[in-house]
Amino acid sequence: MNIDDFDRYFAAVHRCRPFPWQRRLVRQVCESGTWPEVIDLPTAAGKTAALDVALFHLALEADRPPAERRARRRIALVVDRRLVVDDAFRRAERICAALLAPSEPVLADMAERLRVIADGGDPVALVRLRGGIPREDFWTRDPRVPTFILSTVDQLGSRLLFRGYGVSEFAQPIHAGLLAEDVLLLLDEAHLSRPFLGTLGRVVRYLGHDWRETAPLRPLAAVAMTATPGDPHPVFGLDAADREALSDRLTAPKPARLVEVDGRVAFAERCVEEAKALHDALATPERPPVIGVVVNRVASARAVFEFLSEDDDSDAVLLIGRGRPLDQEALRDAWLPRMRAGRQVTDNPRPLFVVATQTIEVGADLDFDGLVSESAPLDALRQRFGRLDRLGRFRRACAVLVHDKAASGDDPVYGAALAAAWKWLWQNAERQGRGKAGTRSIDFGVAALAERLPTDTAELAALNAPAADAPTLLPAYVDLLAQTSPKPALEPDVELFLHGPRGAEAEVQLVWRADLPKHPTRKDQAVCIETVAALPPASQEAVGLPLSVVRRWLRDQPAMPLSDLDFDPRSDGEPAAGHSRLALRWRGLDGSALVGPDEIRPGDTLVVPAAYGGLDRYGWSPGRHAAVEDIAEAVARKVRGLPVLRLHPDCLAAVIGDQADELIAAEVRELLDHFATEGTDAIVSEALAMLAAWPGFPPEFIATVAELQAGRVRAVPYGRRAGNDDASGETIGGLLLRPERGARGFTDEGDESVLTVPIGLEPHCAGVGELAERMARAVGLGEALAIDLGHAGRLHDLGKADPRFQVWLYGGDRFERRRRGLLLAKSGMDRGDRAAVEAARKRAGYPKGQRHECASVQLLRAHPELLEGARDPELVEYLVGAHHGRGRPWMPVVADEGCPETRFELFGHRLRLAGSHGLERLDAGWAELFWRLCRRYGWWGLAYLEALLRLADQRRSEEEARQ
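Remember, it's a predicted structure, so these values are computed and weren't measured experimentally. (Residues numbered from 1 in each chain as written. Predicted model: local features only at pLDDT ≥ 70, side-chain atom pairs only at ≥ 80, totals over all residues. Heavy atoms only, no water.)

The next point concerns the nonpolar core. Counting residues in each nonpolar core, the largest one holds 93 residues, and the members touching the most others are Leu161, Leu781, Leu789, Tyr878 and Trp940. The leading source of residues in this core is helix H36 (residues 939–961), at 11 residues. Excluding its chain neighbours within four sequence positions, the residues that come into contact with Tyr878 are Gly887, Arg888, Trp926, Leu929, Phe930, Leu933, Leu942 and Glu946. (Core = buried A, V, L, I, M, F, W, Y, C linked by side-chain atoms within 4.5 Å. Buried < 20%, exposed > 50% of the residue type's maximum accessible area, 1.4 Å probe, protein only. Helix = DSSP H or I, 4+ residues; strand = E, 2+ residues; numbered from the N terminus. Contact = heavy atoms within 4.5 Å.)

Residues spaced three or four apart along an α-helix face the same direction, because each turn holds 3.6 residues. Along its 23 residues, H36 runs 33 Å from first to last C-alpha, staying within 8% of the 33 Å computed at 1.5 Å per residue. Of all 23 residues in H36, 22 are buried, a share of seventy percent or more. (Expected span 1.5 Å × (residues − 1).)

Here we take up a negative patch on the surface. On the surface, Glu667, Glu670, Asp673, Glu678 and Glu686 cluster together to form a negatively charged patch. Top element by residues in the negative patch is helix H25 (residues 661–677). It accounts for 3 residues. For Glu670, the position within the fold is in helix H25. Glu670 gets classed as partly exposed once you look at its relative accessible area, which sits at 45%. (Patch = residues over 30% accessible without salt bridge, like charges linked within 9 Å, V, L, I, M, F, W, Y side chains within 5 Å. Areas by Shrake-Rupley, 256 points an atom, 1.4 Å probe, with all protein chains shown as cover. Salt bridge = Lys/Arg side-chain N within 4 Å of Asp/Glu carboxyl O. Lys, Arg positive; Asp, Glu negative; His and termini not counted. Charge placed at Lys NZ, Arg CZ, Asp CG, Glu CD.)

Before going further, it helps to examine the pattern of salt bridges. Pairs can form between side chains of opposite charge whenever their charged atoms are close. If you walk through the whole model with that rule in mind, you get 73 salt bridges. Among the ionic pairs, Arg522 bridges to Glu599, the shortest N-O distance being 2.8 Å. Here the residue Arg522 occupies a position in the loop between strand E15 (507–513) and helix H20 (525–534), and Glu599 occupies one in the loop between strand E18 (593–595) and strand E19 (605–609), the gap between them amounting to 77 residues. Residue Arg522 is classed as partly exposed on the basis of its relative accessible area, which comes to 46%. Note that Asp797 and Lys800 form a salt bridge whose closest N and O atoms lie 3.0 Å from each other. Like Lys800, Asp797 is buried. Each member of the salt-bridge network shares a partner with another, and the members are Asp119, Asp142, Arg144 and Arg774.

To continue, consider the packing of helix H35 (residues 926–937) against H36. At a minimum axis distance of 6 Å, the contact between H35 and H36 shows a crossing angle of 105°. It follows from the interaxial angle that H35 and H36 lie roughly perpendicular. Facing H35, whose interface residues are Phe930, Trp931, Leu933, Cys934, Arg935 and Tyr937, H36 presents Trp939, Gly941, Leu942 and Leu945. When its residues are assigned to classes, the contact of H35 with H36 shows 8 nonpolar, 1 polar and 1 charged. (Axes fitted to C-alpha atoms, helices over the stretch in contact; angles between N-to-C directions. Parallel < 35°, antiparallel > 145°, perpendicular 65-115°, else oblique. Nonpolar A, V, L, I, M, F, W, Y, C, P; charged D, E, K, R; others polar.)

At a minimum axis distance of 9 Å, the contact between helix H26 (residues 681–693) and helix H27 (residues 699–709) shows a crossing angle of 150°. Classified by the angle their axes make, H26 and H27 are roughly antiparallel. In the crossing of H26 with H27, the sense of the turn from one axis to the other is left-handed. Along the contact surface, H26 presents Leu688, Ala689, Leu691 and Ala692, while H27 presents Phe701, Ile702, Val705, Leu708 and Gln709. When grouped by side-chain class, the residues that make up the contact of H26 with H27 number 8 nonpolar, 1 polar and no charged. (Left-handed = near helix turned anticlockwise from the far one by under 90°.)

So, on to the pairing of strand E10 (residues 352–356). For E10, the tally of buried residues reaches 5 of 5 residues, placing the bulk of the element in the interior. For strand E8 (residues 290–294) and E10, the ladder comprises 5 bridges, and the chain directions are parallel. Within the sheet, the bridge partner assigned to Ile291 lies in E10 and is Phe353. Direction of pairing for strand E9 (residues 315–319) relative to E10: parallel, over a ladder of 5 bridges. Residue pairing across strands places Val317 opposite Val354, the latter belonging to E10. Since E9 and E10 lie parallel, the crossover through helix H13 (residues 325–339) that links them has a hand, and here it is right-handed. (Pairing = 2+ DSSP bridges. Right-handed = clockwise from strand over helix to strand, strands pointing away.)

Bringing the sheet that holds strand E5 (residues 183–187) into the picture now. Note: strands within a sheet are paired through backbone hydrogen bonds, in either parallel or antiparallel orientation. Here 6 strands make up an open sheet; going across it, the order is E1-E6-E5-E2-E4-E3 and the pairing parallel. The open sheet has two edge strands, strand E1 (38–40) and strand E3 (125–128), and neither has a second partner. For this sheet, the mean inter-axis angle between neighbouring strands, taken without regard to orientation, is 15°. Pairing between strand E2 (residues 74–79) and strand E4 (residues 147–152): 6 bridges, direction parallel. Among the inter-strand pairings, Leu77 is bridged to a residue of E4, identified as Leu150.

Pasting the structure below:
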């Protein structure tokens, strides 16, 4: 395989030839081993092909020893917009599919090379980072596998800075380490992300030689890509051959007429009027047109959509970024073929109006015949016009720009740039006619507009959306951010380093569930936690919203104007007097709580009753009071690959419809009562038979029931409430029916000690050590670090020899522990049965919150011979103690008199464990060890080494569970 194979690879995957610039870029990258710092390409030039170039470069370097590879194995494309109809994600999906099932020799060759890099794993993985969901971290499964990562600035940036929004504090070092090492970060539309670009520069600097005592591993490399650069001297751009190849796209005329109105009502009406006029001008019997209407606020988009959707002779669709990903994917699948670039005439049988917000400005491969756009800064307009006659084949496209004169001041979304851009457009537009009948228009074709743009950088910047620089990420700030468990009392706000000091507001994630109490009060907290814990939320059912917007909604205050930008400056204002609704802040079983509006914090995942309303199939709709559809089962199948059902009256009634609410409630309640007293498999079979026979359920629901009936099913009761319906004095809210296998997919716990298969301590530790060392060699860390990671893996769980911990792993049965005598690393308990696991701990007498990894360090300090052969004994000791994310930099304080004396043999060593580990003490030296290693390996380098050991432990545990 050589560089010349890129054309064959490209054609095999995308069914077209690469552009000249794509060939030049792959040759430059593969020959030099480095990427240009800036890639300046116009809209529709195919910038997302950088993903192909990066992966091809990685495959080409499979012949090199791991430590000598220059290509990064994790390829992140980041853009400061929500990904809705995201061309980059679809492109990555297409690449992955082609390599997982290669149809041509060049693809088979490339896939095989990537498997070599993955150490025998899949050739490439794909993830789209969304926010706020604990344990939804499948992208971190194996650091050896080449991975495409598609993300917003908020999601990737917060993870990179050790403060992943919604990521548990114990998992934050894994995310930070994997995003800082062995990563190529492509920052798309970098002009939208100046603050983050500056922060990236500091991170790259801190990953270098000057900021760690050891040699850098393979630190993050960042590339800025933009269609509207502020720098007139790009590092990599189009040449004459590219301009000729892209001539149709660059020269296509896009005349836009300028229109002024006064007020938001008049604005919405005028947008509708102009959209219909464009339809009439462009429609032919052979080609029903696709007309785009792009506005700056979600409320305006909904108002225009309501008008246009009333026409029976055309279709209309609403695209906003503030929606649940699963819903938006359904919209994309249904509507995208009718409006995508390169569509055939027959793909769109009826006139189509596409009403959208800023969400389509980036990453949306749409092609409009006509466009109505609200006035906006010049860079935003250039992006929107990139969706008009995108491929330059129509040549009849036309547009209208509508400006609300009432917004000429300090616009709440774009500030002064909106008025400045409109003034510039008005002055530079061509006039036709005189007086009131006269019009002004300007050509937004790529080449035509480029000739008119100001040459002065400052003048051009004033016409673009405001972008303040971020504050400098000082080393002292990184010291604070690297402390993840526990966090320091005072710490910098990472939002400033992502979006700059412009009043940007972080988001929270909102999830709706039908089985929560319709109007929860504080006394319902335990019920709400148990209900959500049965089927924890996933990102595909979450909507990202600014914190103040959610606060106002929970207070029943009027909604404020909301855009679809990833930043939305807001003032929360004075809290409303009177009633405020509660939401469940989800942080796993141990950290969740019902909270009021004032208690919500940035990055929170909030689960609210479906009865609250606030959402429809298009997305966020704060004025909508109808119950929201609960899609938890559909998401569980998509994200976790498992069929599950919640046997709960409200969930089932929502699926079947209102006509059978009372009958369903009665049937389900009777089954739950029987289960509470009997809890037998017969009741579960009866429930499935009832569901299969009940008329009115949709086909996908019946298919899930049939799949559950075909295997062994586990029923998990949840939502217990105080009552008198059974002998325990509790009533069951619902039953979660799920396959017996796969229980671990429904937990937020980071401790892998409890599995459904009992595993011995010595074989588990040996397996983790072997896998950690193999991972280290595969990613090119070198001999010394590979040896140390192997040592850490073999020693990480020694503390589980604590006799109290062993009794816990034996289900709290001391006699069974003595009878068998085998030291366990994993129990045979089902960790999905939280009550049983907790009861076993209490019977064993193991203190709540105590950490077995602290006892492991205690053994290492008592038996230094265990560290013989380690190249850096301090690193091994630290990795052992931090392998569950604690101790960065302080170990938890737990009331414990210490372990009773126990003696055992492991790996040929006779060991003794007794008393308290004392690592929580100020004089234990643990915090000092953390800081020494941060200086030795770098903040992110140490986190990366932790990630390798922890992922080896998790992967080994998964393998053992399948045995």
